[in-house]
Amino acid sequence: MDQQVSTEVKQRRMTEFLKLLPLTIELAGLPKGDPARPFTSDQIEGRAMTIRSAYKAARNLVKDIGDNGA
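Residues numbered from 1 in each chain as written. Predicted model: local features only at pLDDT ≥ 70, side-chain atom pairs only at ≥ 80, totals over all residues. Heavy atoms only, no water.

Draft legend 1. Structural detail: the pattern of salt bridges. On inspection of all chains with the given rule, the structure shows two salt bridges. For glutamate 45, the salt bridge is made with arginine 52, and the minimal N-O distance between the two is 3.8 Å. Owing to a relative accessible area of 48%, arginine 52 belongs among the partly exposed residues under this scheme. (Salt bridge = Lys/Arg side-chain N within 4 Å of Asp/Glu carboxyl O. Buried < 20%, exposed > 50% of the residue type's maximum accessible area, 1.4 Å probe, protein only.)

Quick look at the structure:
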């Protein structure tokens, strides 16, 4: 079995992520940054982890709604 992910699958995943991005950002609840005070690398990593968790929640929510209705 080929372990590499096809370009088509990668494109589909990116499209799904972008479609869920507004919901993901809302679920993450992160405040906008101040342009005068850039985030540190640790803060960026923390925010990325929060967005990853929110994305998983958004995917599960949309999947649940698709399976069971609103």
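Draft legend 2. Focus on helix H1 (residues 7-28). At leucine 21, H1 is deflected by roughly 55°, the largest bend along its length, and proline proline 22 occurs up to four residues later in sequence. Buried within H1 are the following residues: Leu20, Thr24 and Ala28. (Bend = angle between axes of the 7 residues up to and from the residue. Helix = DSSP H or I, 4+ residues; strand = E, 2+ residues; numbered from the N terminus.)

Treat this as a map of the structure, not an account of what it does.
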